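# Secondary and tertiary structure notes
Each chain, written out:
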Amino acid sequence: MSLLSLENLIKTFDSPAGKIHAVRDVSLEVTQGECLAIVGESGSGKTTLANMILGILAQTSGNVLFNDTVLSPKRTPDQRRHIQLVQQNPLSSLNPKRSVGASVRLGLDTYGIGARADRWQIVEQALEAVGLPANMRKRAPAALSGGQRQRVGIARALACEPELLVLDEPTSALDVLVQARVLRLLNELRASRGLTYVFITHDLAVVRNIADRVAVFQSGRLVESGTTEQIFTQPQAEYTRKLIGAVPVVDPDEMALRDKLAESS
Amino acid sequence: MIRAIRILAANPLSLVGVILVALVVFAAIFAPWIAPFPTHNGAVVDFAFANKPPSARNWMGTDLVGRDLFSRILYAYQISLVLGVVVLAIAAPVGTIFGLLAGYLGGWAEAILMRIVDVFLSIPPLVLAIAMMGVLEPTLTNAMLAVTVMWWPWYARLVYAIARSEREEGYVLAAEVIGAGTAHIAFREILPNCLPAIITKMTLDMGFVIIIASSLSFLGLGVQPPTPDLGSMVAEGARYLPDSWWLTVFPGLAILIAVFGFNLMGDGLREVLGVDE
């Protein structure tokens, strides 16, 4: 059953130089529990698509359906709650003037999750669920490492008890070892909580690690979609072949070594 | 706090600023106890001692009707500080609300709010205040009103510029995805990031407000005699230069000390709070 479907989504921006077609007639289905990777170069419309899924950008035409309900861009808090975002840049995604806990708590207060008195406890549980100590909630983001901040970003999304997570390049700003750990965490969370991911990335090595299916975008169009296996072994579109051909060869032995290092550190 | 002290200590000029400001504030608060002639605050006449140069009895000399200048300067500091605090306590929040909403909301709100600000900014500040005082009665309250009206748009400008760049930050996007309201995002998320710059500007502005208020009373448009005011004391004495130099030099020095102190302290605060402009 599809949790999220996009029907003929189109987004056009007006600019002094004329119309910019950011997303051109995209239809997609995301099944409950799967991880769909959206890949493409920068400027291919991935983030515009994500913003329409999240309801912070109104589509020019087309529909976003969630659990078979059409979502208007003016969403109710309950509709927002089920689709949450993890951002790319952990340096800017947390307000430097608010404590880590206050950032995680925002969703709880907005959606009225839990009794007021219990919310700090829920915040601490969310931090623990992503592998951070509960007492970190009182710290300022500046005191955290990039990987820790990214975990806070994940905790903030999870605290809202979403069904779908939109992950916008969640590992591309992290160094390799931290990247591996965050990916492992995301895989574990998906399995244990039955989450569905829309994972936006341009890193095909990451795609192989986490995605069930892949959708390839080029200049606002959905070029090709299929299971991860299909896309990597029998890419149909010329563009997909080029994209895969451009990836530096990943040595399986080296990957295993990386994982080992990540575990021991 | 420890970091703040260390930065201030490493920067002797801002320490001088803090000391000068502390002196001025101390003088203003304790004027009735420090002043050798507390009654000279008002309409007192003592022709026996009129227009005397500095002496052991009157450290800074006496004015044309025999009042102790030192006592009057202490009381004038009270007026200057109250005026500065009131003006900034109104101008800063009003300007901040304009700037925050214009900067965060963009679009129509930005167009309307910032054009209003531009109208005020297009009139030279002192001219605006002088024009207002020409219409209003010259009282302390009206002087505060006139200075406030010319002052708030600068806060709108400052906060607008910061809010515009902050709204592109990921934390604002995060709050929008969650669906937090405009009020929460503007006042709870963006405002805390504007505060260091606002506080620094308020400190620097204390000095400038004192100058502008003194300019108004120098022109006879501000606080009226017999209430002591640094600007009108300078104006009064200017006619008797260079013979009765103490009439202008000491009130002038008093203005200088206050303005200098607030400016140096503001520069120090800018570093402590990590504001970059």
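Residues numbered from 1 in each chain as written. Chains lettered and ligands numbered in written order. Predicted model: local features only at pLDDT ≥ 70, side-chain atom pairs only at ≥ 80, totals over all residues. Heavy atoms only, no water.

## Describing unusual backbone geometry
Let me state the cut-off plainly: Segments assigned H or I by DSSP are reported as helices when at least four residues long, segments assigned E as strands when at least two residues long, and all are numbered from the N terminus. Exposure categories follow from relative accessible area, calculated using a 1.4 Å probe and restricted to protein chains: below 20% of the type maximum is buried, above 50% is exposed, and the middle band is partly exposed.
Note the cis peptide between L241 of chain B and P242 of chain B, where omega equals -5 degrees. Of note in the backbone geometry, D68 of chain A takes a positive phi value of approximately 65 degrees without being a glycine. For D68 of chain A, the location among the structural elements is in the loop between β4 (61–66) and β5 (69–71). You will see that S219 of chain A, though not glycine, has its phi angle at about 35 degrees, which is positive. Along the chain, the position of S219 of chain A falls in the loop between β9 (213–218) and β10 (221–227). A relative accessible area of 39% places S219 of chain A in the partly exposed class.

## Re the packing of aromatic side chains
Residues and elements named next belong to chain B. Put simply, the test is: Pairing of aromatic rings covers Phe, Tyr and Trp, the last counted by its six-membered ring, and requires centre-to-centre distances within 6.5 Å; plane angles under 30 degrees mean stacked, over 60 mean edge-to-face, and any other angle means tilted.
Per the stated rule, a full pass over the model turns up 7 aromatic pairs over all chains. Taking the centre distance of 4.8 Å and the plane angle of 45 degrees together, the rings of F26 and F30 count as tilted. Among the residues examined, F30 registers a relative accessible area of 34% and is labelled partly exposed.

## Observations concerning the sheet that holds strand β1 (residues 2–15) of chain A
All names here are of chain A. Put simply, the rule is: At least two bridges found by DSSP between two strands is the condition for calling them paired. Lines are fitted to the C-alpha atoms to define the axes, a helix being fitted only along its stretch in contact, and any angle between axes, read from their N-to-C directions, falls within 0 to 180 degrees. In what follows, residue pairs with any heavy atoms lying within 4.5 Å of each other are defined as contacts.
Ordered in space as β2-β1-β4-β5, the 4 strands form an open sheet in which the pairing is antiparallel. Whereas interior strands pair on both sides, the edge strands pair on one side only; in this sheet they are β2 (18–31) and β5. Here the average twist between neighbouring strands, direction ignored, is 30 degrees. Sheet strands in contact with helix α1 (residues 46–54) are β1, β2 and β4, and its direction is about 120 degrees off that of β1.

## Focus: the interface of chain B and chain A
Test applied: As used here, buried area is the combined drop in accessible area, with a 1.4 Å probe, of two parts when they are placed together. By salt bridge we mean one thing: a side-chain nitrogen of Lys or Arg within 4 Å of a carboxyl oxygen of Asp or Glu. Within 3.5 Å is the distance limit for a polar contact, defined as a pair of N or O atoms, with the added protein rule that one can donate a hydrogen and the other accept it, and that residues adjacent in sequence qualify only through two side-chain atoms. When residue character is reported, Ala, Val, Leu, Ile, Met, Phe, Trp, Tyr, Cys and Pro are called nonpolar, Asp, Glu, Lys and Arg charged, and the others, Gly included, polar.
Contacts between the two partners involve 17 residues from chain B, matched on the other side by 19 residues from chain A. Ranking the residues of chain B by area buried against chain A places Y171, V177 and I178 of chain B at the top, with a combined share of 41%. One can count 1 salt bridge joining chain B with chain A. For E189 of chain B, the salt bridge is made with R98 of chain A, and the minimal N-O distance between the two is 3.0 Å. Between the two partners, chain B and chain A, sit 7 residue pairs in polar contact (both at pLDDT 80 or more). When residues of the side of chain B that touches chain A are traced back to their parent elements, those giving at least two are α8 (170–178) and α9 (182–218) of chain B. The element best represented in the side of chain B that touches chain A is α8 of chain B, accounting for 8 residues. A class-by-class count of the residues in the side of chain B that touches chain A yields 9 nonpolar, 4 polar and 4 charged.

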